[in-house]
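The primary structure of each chain is shown beneath.
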Amino acid sequence: MGDGVQYFEGVEKLLEIWFGTATSADGGADLRKIPRNKLENLLKIVRCEIISFCRNDRVDAYVLSESSMFVSKRRFILKTCGTTTPLLCLEPLLVLAEQYAGFTDVEDLFYSRKNYKRPELQVSPHQHFDEEVALLDTLFPDGAAYCLGAINKDCWYLYTLNPFPEKAVKPISGSEPDQTLEILMTDLDPDIMAIFSKEECLNAEEATKKSGIDKLIPNMVIDDFLFEPCGYSMNGISKNTTVEISSGYYMTIHITPESDFSYVSFETNVPASSYWEIIVKVLDTFLPGKFVVTIFSNQTSQAKGSSKELQYLGKIRDWTRRDIQLCQFKNYDLTYAFYSKFPS
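One structure accompanies this document, and this report is about it. (Residues numbered from 1 in each chain as written. Predicted model: local features only at pLDDT ≥ 70, side-chain atom pairs only at ≥ 80, totals over all residues. Heavy atoms only, no water.)

**Looking at the pairing of strand S5 (residues 75-80)**
Point 1. The buried fraction of S5 amounts to 6 of the 6 residues, a majority that puts the element mostly inside the structure.
Point 2. Covered by surrounding structure in S5 are Arg75, Ile77 and Lys79 together with Phe76, Leu78 and Thr80, the residues of both alternating faces.
Point 3. Strand direction decides the pairing type here: strand S1 (residues 13-20) and S5, joined by 6 bridges, are antiparallel. Counted as the bridge partner of Trp18 is Arg75 from S5.
Point 4. Bridge count for strand S4 (residues 67-72) against S5 is 4 bridges, and the pairing is antiparallel. Among the inter-strand pairings, Val71 is bridged to a residue of S5, identified as Phe76.
Point 5. In this structure, the hairpin formed by S4 and S5 is closed by a connection of 2 residues. (Buried < 20%, exposed > 50% of the residue type's maximum accessible area, 1.4 Å probe, protein only. Helix = DSSP H or I, 4+ residues; strand = E, 2+ residues; numbered from the N terminus. Pairing = 2+ DSSP bridges.)

Have a look at this one:
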């Protein structure tokens, strides 16, 4: 990799915020009221831009030059890779959420990422987790930082609001079911990674079908993009929504295919009492050498039992579990596990 000029950090920084309001007059509050040009200005701070967009009646989904953004009624998700700076947009985002969407409080917040392969290439405040935590602490005095996994090997960092803040915050729609499955894969199969290049595929649709990504989760509208000369991003949003699905179901995949630093992330909030089928489909699609899997679920989620499922999965096909940790936060249970084909 020489001086690092050709290196690209696939590992994403994932920011998820749930907004609420301290008043009862909250029926019209909606993050989707924030104007597009305001979101574009916000992303300039992050050092990325919008390249594609799709929506349903529950969620607006943006493919970015570096990963994805999802905006629903009261949930904001920003997932960015490379040398982006998502935490720098937090303060202006909070202002926009109040000014245009009518939200006065942050009900819950999650900032997470896997450890980088080349942290020295990152831009402040993202070189070190301690630096990221220090910035977050200035905005959220009730925040807490965690590291799951072996800090000298593969690990995963998390910052969240825990325990409850003293000030009561009224959620708009009560405790709605919520869950997130994330699979972060490294050491990918080179033949599969070759699909995600302009040498192998003419466009994103061809790469999506050739790899089998379109079959991972049914009933998704897929918005995909194939970068030049290589690299791939996609968002999928549910075709069928109901009034009960207040935040919308999505999936998102991002691929850095270069052999020296291959990386694939998969994420979805589709509920399931067992995530076994989805996890196996994802692993069979990309064949990583190792991967981190995290499952978040709240008390009303169908996936609550699935979060504990990994305790009993010492092996998944050719992958052996090397590490597992379980955490309970104020609104969510979390399971973290690390698997690899060979000792790592």
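**Thoughts on the sheet that holds strand S9 (residues 179-186)**
Point 1. Taken in spatial order, the 9 strands line up as S10-S11-S12-S13-S9-S14-S17-S16-S15 in an open sheet, and their pairing is antiparallel. The outermost strands of the open sheet, each flanked by one partner alone, are strand S10 (220-226) and strand S15 (315-316).
Point 2. Looking at chain direction, strand S12 (residues 250-256) and strand S13 (residues 263-268) are connected through 6 bridges and run antiparallel. Looking at the pairing, Thr252 lines up with Glu267 of S13.
Point 3. Sitting on the sheet, helix H6 (residues 276-286) touches S9, S12, S13, strand S14 (290-298), S15 and strand S16 (319-328), and the angle it makes with S9 is about 25 degrees. (Contact = heavy atoms within 4.5 Å. Axes fitted to C-alpha atoms, helices over the stretch in contact; angles between N-to-C directions.)

**Things to note about empty space enclosed by the protein**
Point 1. Scanning all chains against the criterion turns up 3 cavities of 30 Å³ or more.
Point 2. Lining the largest cavity are Leu14, Glu16, Phe110, Tyr111, Ser112, Trp156, Asp178, Thr180, Glu182, Thr294, Phe296 and Tyr332.
Point 3. Elements represented by at least two residues in the lining of the largest cavity include exactly S1, strand S6 (105-114), S9 and S14.
Point 4. When residues of the lining of the largest cavity are assigned to their parent elements, the largest contribution, 3 residues, is made by S6. (1 Å grid on protein atoms, 1.4 Å probe; cavity = no way out; pocket = protein on both sides within 12 Å on 5 of 7 lines; lining within 4 Å. Points joined across faces, edges and corners; volume = space filled by probe spheres on them.)

**A few points about the environment of Trp156**
Point 1. Locating Trp156 in the fold gives a position in strand S8 (residues 155-161).
Point 2. Judged by relative accessible area, Trp156 falls into the buried class, the value being 0%.
Point 3. Residues Trp156 and Lys114, 42 residues apart in the sequence, show an inter-C-alpha distance of 4.3 Å.
Point 4. Among residues more than four places away in sequence, those in contact with Trp156 are Ser112, Arg113, Lys114, Tyr146, Cys147, Leu148, Glu182, Leu184, Thr294, Phe296, Leu334 and Tyr336.

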